[in-house]
Amino acid sequence: MKYFTCKCQNTLFFDNSQCVACAREVGYDYETEEMVEITPGEKWQRCANGFDYQVCNWVVPAGNGPSLCPSCRLNRVIPSLSLAINQTRWAKIEAAKRRALYSLIKTLILIPSRKESQRGLVFDFLSPQPNQPVLTGHDFGIITLNIEEADDAIRELNRENLGEPYRTLLGHFRHEIAHYFWWLWFDDPKLNIELHQVFRGVFGDESVDYDAAIRVHYNQGAPIGWETSFITAYATMHPWEDWAETWAHYFLIIDAVETAQSFGLDNPRTCPLKVKDLEWTIPELPDPYGNQQYDAFISLIHQWSRMSPGLNEVSQSFGQRPLYPFVLSAKVMEKLYFVHCVCHHLPTATLSR
Ligand SMILES: [Zn+2]
Ligand SMILES: [Zn+2]
Ligand SMILES: [Zn+2]
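Remember, predicted model here, so these are calculated numbers, not experimental data.

Student: Just give me the short version of the packing of helix 2 (residues 84-106) against helix 4 (residues 169-186), but keep the residues and values in it.
Tutor: If you want to describe how two helices pack, look at the angle between their axes and the distance between the axes. With their axes 9 Å apart at the nearest point, helix 2 and helix 4 run at an angle of 50° to one another. Here helix 4 runs oblique to helix 2, going by the angle between their axes. Of the two elements, helix 2 crosses helix 4, and the hand of that crossing is right-handed. Along the contact surface, helix 2 presents K92, I93, A96, K97, R99, A100, L101 and L104, while helix 4 presents L169, L170, F173, R174, I177 and F181.

Put into structure tokens, the structure is as follows:
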């Protein structure tokens with residue numbers, strides 16, 4: 001994430017609705033990827049969810065009455081606001097969603113809403129009820145989020161209980177959006193046949209029984225030595241989960257590298273990766289931009305590998321856990337590279353359908 005500059009030259013951040021220096025009303029315009037000033041009667045107005053509930057800082061063109069921004073338009077069920085705590089939860093949820101969408105829009109991946117396409121995406125933000133648990137997940141273009149995950153204490157408890165090194169709302173969005181795009185791009189056997197074959201070569205055959213895979217995972221845990229082939233233990237469960245974890249990780253890296261570059265934090269040391277670390281099989285992709293993409297990917301990984309050890313130490317200077325509790329093995333880089341290529345290869349194909 002980059003930073004922005006107010007007309008008064010003060011620094012603005014992605015989540016700001018007002019400049020703290022000059023009190024201008026501001027909002028984020030997803031089309032120009034800039035923060036813009038909101039002046040009554042002029043070009044922009046606040047997204048209706050920002051105006052009515054203070055949960056969104058994106059802008060929409062002014063003059064057509066209240067309307068929702070492209071992020072809020074994807075919501076189908078919002079938290080019940082009769083409970084005061086849900087307002088706070090919802091604000092955190094929307095902030096994480098906008099940040100996840102920002103990286104997709106920058107990568108030119110457009111998410112169609114249900115109004116635009118039958119295979120569009122919707123979000124249901126649900127609260128568990130007695131005897132009615134809510135499982136966060138994706139199903140046929142519907143992403144369900146248990147809104148309790150917006151409570152730090154609850155999410156942290158879940159993280160501990162599940163033995164995960166990292167659990168965030170933003171991570172949930174990236175992970176579930178990955179499942180959505182797998183469904184959009186690969187679920188129909190007529191679509192992207194060649195790429196699907198490559199997918200299976202890299203991640204394995206996803207047609208194996210998913211429910212059985214879940215049972216095995218929760219009974220036996222991840223196989224010993226999983227770190228050499230997977231980014232997280234959860235990814236070992238099934239090729240779909242491996243894809244979702246890898247995709248989420250790819251977007252974590254992209255966002256972190258952009259942030260570091262924007263703030264000038266990106267040149268601390270030489271890259272600790274040896275050339276042999278980078279000698280992994282390049283998946284053969286039906287992609288006219290192969291080499292260019294390879295160079296861009298390697299440069300991304302180098303930049304990230306230079307920065308991540310320093311970020312871990314900074315985090316520990318605060319007495320916190322390492323910020324980046326992950327290891328990029330050769331096999332994981334092969335998977336990340338597949339995500340990188342697919343994300344640069346398929347979006348246009350999707351848009352033209
Ligand atoms: Zn200002
Ligand atoms: Zn909005
Ligand atoms: Zn998943």
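Student: Requested: an account of the confidence of the model for the chain, with residues and values cited.
Tutor: On average, residues of the chain score 89 in pLDDT, and 91% of them reach the 70 mark or higher. Contacts for the low-pLDDT stretch residues 286-290, under 50 throughout, to residues beyond four places or in other chains number eight contacts.

Student: Before we move on, can you summarise the domain arrangement of the chain with the specific residues and values?
Tutor: For the chain, the assigned domains are domain 1 (4-69) and domain 2 (72-186). Each of domain 1 and domain 2 has a C-alpha centre, and the two are 23 Å apart. If you look at the interface, domain 1 gives 14 residues, while domain 2 gives 15 residues. With both chains or domains summed, domain 1 and domain 2 bury close to 1,400 Å², and 61% of this area falls on carbon and sulfur atoms. Linking domain 1 with domain 2 are two salt bridges. Between D15 and R98 there is a salt bridge, with the nearest N and O atoms lying 3.9 Å from each other. At the junction of domain 1 with domain 2, the criterion picks out seven residue pairs in polar contact (both at pLDDT 80 or more).

Student: A description of the side chain of S305 should follow, citing residues and the corresponding values.
Tutor: With respect to the helices and strands, S305 occurs in helix 8 (residues 290-317). Relative accessible area serves as the criterion here: at 9%, S305 is assigned to the buried category.

Student: Report on the coordination of the zinc ion (ligand 1), specifying residues and quantitative values.
Tutor: Donor atoms from the polypeptide that bind the zinc ion (ligand 1) are C6 (SG), C8 (SG), C19 (SG) and C22 (SG), placed at 2.2 to 2.3 Å. In this structure, the zinc ion (ligand 1) is coordinated by four donor atoms arranged in tetrahedral fashion, with angles at the metal of 106 to 112°. Here the donor residues for the zinc ion (ligand 1) map to a single chain with the spacing C-x1-C-x10-C-x2-C. You can see C8 sitting in the loop between strand 1 (4-5) and strand 2 (11-12) and its partner C22 sitting in the loop between strand 2 and strand 3 (26-29), a full 14 residues away along the chain. Note on C22: relative accessible area 30%, which makes it partly exposed.

What counts and what doesn't
- Residues numbered from 1 in each chain as written.
- Chains lettered and ligands numbered in written order.
- Predicted model: local features only at pLDDT ≥ 70, side-chain atom pairs only at ≥ 80, totals over all residues.
- Heavy atoms only, no water.
- Axes fitted to C-alpha atoms, helices over the stretch in contact; angles between N-to-C directions.
- Helix = DSSP H or I, 4+ residues; strand = E, 2+ residues; numbered from the N terminus.
- Parallel < 35°, antiparallel > 145°, perpendicular 65-115°, else oblique.
- Left-handed = near helix turned anticlockwise from the far one by under 90°.
- Contact = heavy atoms within 4.5 Å.
- pLDDT = per-residue confidence, 0-100.
- Domains from an automatic or database assignment.
- Buried area = accessible area lost by both parts, 1.4 Å probe.
- Salt bridge = Lys/Arg side-chain N within 4 Å of Asp/Glu carboxyl O.
- Polar contact = N/O pair within 3.5 Å; in protein donor to acceptor, adjacent residues only side chain to side chain.
- Buried < 20%, exposed > 50% of the residue type's maximum accessible area, 1.4 Å probe, protein only.
- Donors = N, O, S within 2.8 Å, 3.2 Å for Na, K, Ca; no water.
- Tetrahedral: all angles 85-135°; square planar, octahedral: opposite > 155°, others 65-115°.

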